[in-house]
Amino acid sequence: MLEYIVRRLLFMIPLLLGITIITFVVVHLSPGGPADMLTGLSPKVSAEAKARLHSLYGLDKPLHVQYWLWLSRLVRFDFGRSFKDGRLVIIKILERLPATLLLNVLSLLLIFFIALPIGIISAVRQDSFFDKGMTVFVFLGFSVPAFWLALLLMVLFGVVLGWLPISGMHSVNFPYFSFWGKLWDIIKHLILPVFVSAFGGLAYLSRYSRTSMLEVLRQDYIRTARAKGLSEKKVIYRHALRNALIPIVTLLGLSLPALIGGGFIFETIFAWPGMGRLGYQAIMARDYPVIMGVGVIAALLTLLGNLIADITYAFIDPRIRYR
Amino acid sequence: MEKILEVKNLSVEFYKGGKVIQALRDTSLTLKRNEVLGIVGESGCGKSTLALSILRLIPEKEGKVISGEILFKGEDLLRLSDKKLLQIRGDRISIIFQDPFTSLNPVLKISKQIAESLILHKKENLSTHQMEKEIIELLDLVKLPKPKDTMLSYPHQLSGGMQQRAMIAIALSSNPEILIADEPTTALDVTIQKEILNLLTELQKKLGLSVVLITHDFGIVAQTCQRVSVMYAGIIVEEASTSEIFHNPLHPYTKGLLESLPSREELPSSSQGKKRRLKAIPGQVPDPSNLPSGCKFHPRCPKVIEDCKLEEPRLREIVKNHWVRCIRAVD
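Residues numbered from 1 in each chain as written. Chains lettered and ligands numbered in written order. Predicted model: local features only at pLDDT ≥ 70, side-chain atom pairs only at ≥ 80, totals over all residues.

K.L.:
Explain the overall build of chain B here, please?
P.N.:
The helix and strand tally for chain B stands at eleven helices and twelve strands. Computed over its C-alpha atoms, the radius of gyration of chain B comes to 21 Å, within 12% of the 20 Å expected for a compact globule of 331 residues. The 331 residues of chain B split such that 42% are buried. Counting only contacts in chain B whose residues sit at least 6 apart along the sequence, the fraction spanning at least 24 positions is 63%. (Helix = DSSP H or I, 4+ residues; strand = E, 2+ residues; numbered from the N terminus. Rg over C-alpha atoms; globule rule 2.2 N^0.38 Å. Buried ≥ 20, exposed ≤ 12 C-beta atoms within 10 Å, placed from the backbone. Contact = placed C-beta atoms within 7 Å.)

Here it is in structure tokens:
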């Protein structure tokens, strides 16, 4: 098992290289550059000044040389400095990480603790009133775009009712609150973003676990469990559930990168000070080092998430042994 | 002999794609204590449905019992409350299935799957140590080698024969009175089939079990059963002792089945050279959602006459204890 993990980790290196090359090329292919964003709107800036900026950032060199320079810094864990404010990229990312983690861990927990029971009950009581109601809910969850739902909820709860704040992570006068006041303030700011980011996932996962459970309930070993004389409850929770959870573990692994990567559009709408918003702002400013930094970390987490899912698999499904 | 299980006029329907499938039509059956009763028929004739409906294991969404009674020691299983049913299902009546690999839970160790049944059906509480002892005894009983290692295995680590032995161990853990074996050897290699059948026969004698053995193979019936019921299109068409059926088959369908068995003299390697093409019954099993009129076998029957198409024949006792559902049985 250990050997397997080490080998998987080594295999990640070429994968990561490939991902960074593609990201690098795509980012540089997009029109405009950091110099344009800083200077393009001002008629006073001469072409020479622009060229000076270019050479300062190393953008006058051929693309492969630029990539090589970036890569040679990366292996020393040097993500470089932001073009925009000259701060270290790694610091900028670390600053944003807690906000993203907080939001996404909560929404992931919400998704799992609500969607799994929904899916399982729907499967066990297939075609019941509950199941049909959930099908409608899932249909809505799939079709409603998160950004649109976010805006509507902001209008309703933020503007019309005025119950909840609509953006940011804390109020302006946050520093003056007591501890409980601060906590309550953060909770109020979290409600809308967590709900909206969980909404789509809720629909997806509840549908997925329903399908998985239905599949398992059709299996012969469920019939055996019933034939033993077990009560329906034991048949479902002892025999069916564990088998139904196996494919869901993959989903968990795949949702790990979202934990950190954060939703770009989503965090921007709620002005949430997380990684997604950082990435979005970096893209708009053609802030290459920050874009690449966020990209590398997201890619790394995706690969690690897959690995963790595969390892968890082996723990819950004895048929899987890795070599 | 005492009747331990009686199925009376059982009708079961399945619903598939808007069609009604008559899986069992007014089927009756009697199992006596300590006997092995074979139920024989082609695929789709309703054998497995019969096995499953005895323990009420037919999924509610797929099909249901329309009418009839299933009497276990005089008590109708179809009218029991769910709670009472669980005191009989897996306890007094156990069942084993065709494919042991898919019938065992892949994520639970064999020991756990047996222990679960022991906990459920033993009246007293067992300590961990006693439990282990009981599991090993059961695995010994079904002749699984190295019971201590085997109990800690997962199903996929065992061979097909070993899996079926483990299934039998689970079925016997409650010390049942009746064992229903639904094609227990169909999914296994021929050599293993023989071993499992020998084991079943041995256990039946040792434990005084009453067995319903469902199979499509008359060879298996000859080896293991005292009595046979032949099923066709959801109904019993002939019933007699095993030797009577083999020596004096009366229903054209039974005759057809027996003639489609190769005998030793006819095998290609035999020097006698008494070559005969294996006979097959012409045609196919009728579509159970669209059964023919009259005797359901008439479209394939070599002895068919006009009367056969009119109404379904009744089961008649032609020789003592030999029942046939055919108007031309004695002609």
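K.L.:
I would appreciate a short explanation of the overall build of chain A in the present structure.
P.N.:
Tallying secondary structure elements over chain A gives 13 helices and zero strands in all. Along the chain direction, N to C, the helices and strands of chain A fall in the order α-α-α-α-α-α-α-α-α-α-α-α-α. Dimensions of chain A along its principal axes, counting C-alpha atoms only, are 85 × 55 × 40 Å. Per-residue burial for chain A yields a buried fraction of 31% across its 323 residues. Expressed as a percentage of contacts within chain A between residues at least 6 apart in sequence, the contacts between residues at least 24 apart total 71%.

K.L.:
Just to check I follow, could you spell out the sheet that holds strand S11 (residues 316-319) of chain B for this structure?
P.N.:
What holds strands together in a sheet is hydrogen bonding between their backbones, with the strands either parallel or antiparallel. Residues and elements named next belong to chain B. If you walk across this open sheet you meet the eight strands as S6-S7-S8-S3-S9-S10-S12-S11, and the pairing is mixed. Single-partner strands in this sheet number two, and they are strand S6 (93-96) and S11. Neighbour to neighbour, the strand axes of the sheet diverge by 20° on average, direction disregarded. Examined bridge by bridge, strand S10 (residues 235-241) and strand S12 (residues 322-324) share two bridges and lie antiparallel to one another. (Pairing = 2+ DSSP bridges. Axes fitted to C-alpha atoms, helices over the stretch in contact; angles between N-to-C directions.)

K.L.:
What should I look at first to understand the interface of chain B and chain A in this one?
P.N.:
On the side of chain A, 19 residues touch chain B, which itself brings 22 residues to the contact. Counting only elements with at least two residues in the side of chain B that touches chain A, the list comes to helix H3 (100-103) and helix H4 (110-121) of chain B. Of all the elements, H4(B) adds the most residues to the side of chain B that touches chain A, at four residues. Considering only residue class, the side of chain B that touches chain A consists of eleven nonpolar, seven polar and four charged. (Nonpolar A, V, L, I, M, F, W, Y, C, P; charged D, E, K, R; others polar.)

K.L.:
Help me understand the nonpolar core in this model?
P.N.:
The nonpolar side chains of a soluble globular protein tend to be buried, and buried together. Ranked by internal contacts, the top residues of the largest apolar core, which has 120 residues, are Ile54(B), Ala169(B), Ile180(B), Val212(B), Met231(B) and Tyr232(B). For this core, the element with the highest residue contribution is helix H8 (residues 179-217) of chain A, accounting for ten residues. Once residues within four sequence positions are removed from consideration, Ile180(B) is found in contact with Ala51(B), Ile54(B), Ile93(B), Ile95(B) and Val212(B). Among the nonpolar cores identified, the runner-up in size contains 17 residues, and Phe79(A), Leu278(A), Tyr288(A) and Val290(A) belong to it. (Core = buried A, V, L, I, M, F, W, Y, C linked by C-beta atoms within 7 Å.)

K.L.:
Just to check I follow, could you spell out the domain arrangement of chain B for this structure?
P.N.:
How big an interface is tends to be stated in terms of the accessible area lost upon association of its parts. All names here are of chain B. Domain boundaries in chain B define domain 1 (3-92 + 175-263 + 314-324) and domain 2 (108-173). Its C-alpha centre places domain 1 at a distance of 27 Å from the equivalent point of domain 2. The residue inventory of the side of domain 1 that touches domain 2, partitioned by class, reads nine nonpolar, two polar and two charged. (Domains from an automatic or database assignment.)

K.L.:
Would you mind going over the environment of Val65(A) with me for this structure?
P.N.:
In this fold, Val65(A) is placed in helix H4 (residues 63-74). For the pair formed by Val65(A) and Arg52(A), sequence separation is 13 residues and the distance between their alpha carbons is 18 Å.

K.L.:
Would you explain the environment of Ile316(A) in this entry?
P.N.:
On the secondary structure map, Ile316(A) appears in helix H13 (residues 288-316). Of the residues examined, Ile316(A) has 14 C-beta atoms within 10 Å and is grouped as partly exposed. If we skip the residues at most four places from it in the chain, Ile316(A) touches Arg242(A), Leu245(A), Ile246(A), Val249(A) and Val107(B).

K.L.:
Looking at this structure, I do not really get the confidence of the model for chain B. What am I missing?
P.N.:
Low-pLDDT portions of the prediction should not be read for the details of their coordinates. Per-residue confidence for chain B gives a mean pLDDT of 89, with 95% of residues at or over 70. Two numbers describe this predicted complex: its pTM, 0.82, and its ipTM, 0.88. (pLDDT = per-residue confidence, 0-100.)

K.L.:
Just checking my understanding: could you explain the packing of helix H7 (residues 160-172) of chain B against helix H8 (residues 190-207) of chain B for this structure?
P.N.:
A pair of packed helices is characterised by two quantities: the angle between their axes and the separation of those axes. Residue and element names in this part refer to chain B. Between H7 and H8, the shortest axis-to-axis distance is 10 Å and the interhelical angle comes to 20°. Considered as vectors, H7 and H8 are oriented roughly parallel to each other. Here H7 runs over H8; the crossing is right-handed. Judged by residue contacts, Gly160, Gly161, Gln164 and Leu172 of H7 engage Ile192, Glu195, Ile196 and Leu203 from H8. Among the residues forming the contact of H7 with H8, the class breakdown is four nonpolar, three polar and one charged. (Parallel < 35°, antiparallel > 145°, perpendicular 65-115°, else oblique. Left-handed = near helix turned anticlockwise from the far one by under 90°.)

K.L.:
Where do I start with the pairing of strand S4 (residues 63-72) of chain B in this structure?
P.N.:
Two faces make up the sheet, and in a regular strand the side chains alternate between them. Residues and elements named next belong to chain B. Summarising the sheet, strand S1 (residues 3-16) and S4 pair through eight bridges and their orientation is antiparallel. Residue pairing across strands places Glu13 opposite Lys64, the latter belonging to S4. The pairing of S4 with strand S5 (residues 75-76) spans two bridges and is antiparallel. Counted as the bridge partner of Phe72 is Glu75 from S5. Two successive antiparallel strands, S4 and S5, enclose a turn made up of two residues, where Lys73 displays a positive phi of approximately 50°.

K.L.:
What exactly am I supposed to notice about the packing of H4(B) against helix H5 (residues 128-141) of chain B here?
P.N.:
Residue and element names in this part refer to chain B. Contact geometry for H4 and H5: axes closest at 10 Å, N-to-C directions at 105°. In terms of their interaxial angle, H4 and H5 are classed as roughly perpendicular. From H4, Ser111, Ile114, Ala115 and Leu118 reach across to H5, where they touch Met131, Glu134, Ile135 and Leu138. Looking at side-chain class alone, the contact of H4 with H5 contains six nonpolar, one polar and one charged residues.

K.L.:
Help me understand the sheet that holds S5(B), please; the structure alone is not making it clear to me.
P.N.:
What the four strands build is an open sheet, ordered S2-S1-S4-S5 (chain B); its pairing is antiparallel. The outermost strands of the open sheet, each flanked by one partner alone, are strand S2 (19-32) and S5 of chain B.

K.L.:
Please explain unusual backbone geometry as it appears in this structure.
P.N.:
A negative phi angle characterises most non-glycine residues, just as the trans form characterises most peptide bonds. Residue and element names in this part refer to chain A. Phi at Ala271 is positive, roughly 50°, even though this residue is not glycine. Relative to the assigned elements, Ala271 resides in the loop between helix H11 (264-269) and helix H12 (275-284). A positive phi is found at Arg286, a non-glycine position, where the angle reads about 50°.

K.L.:
Help me out: how do you make sense of the confidence of the model for chain A in this one?
P.N.:
Per-residue pLDDT for chain A averages 84, and the proportion of residues at 70 or more is 94%. Confidence, read as mean pLDDT per element, is least for helix H2 (residues 34-39) of chain A in chain A (66) and greatest for helix H9 (residues 220-227) of chain A (94).

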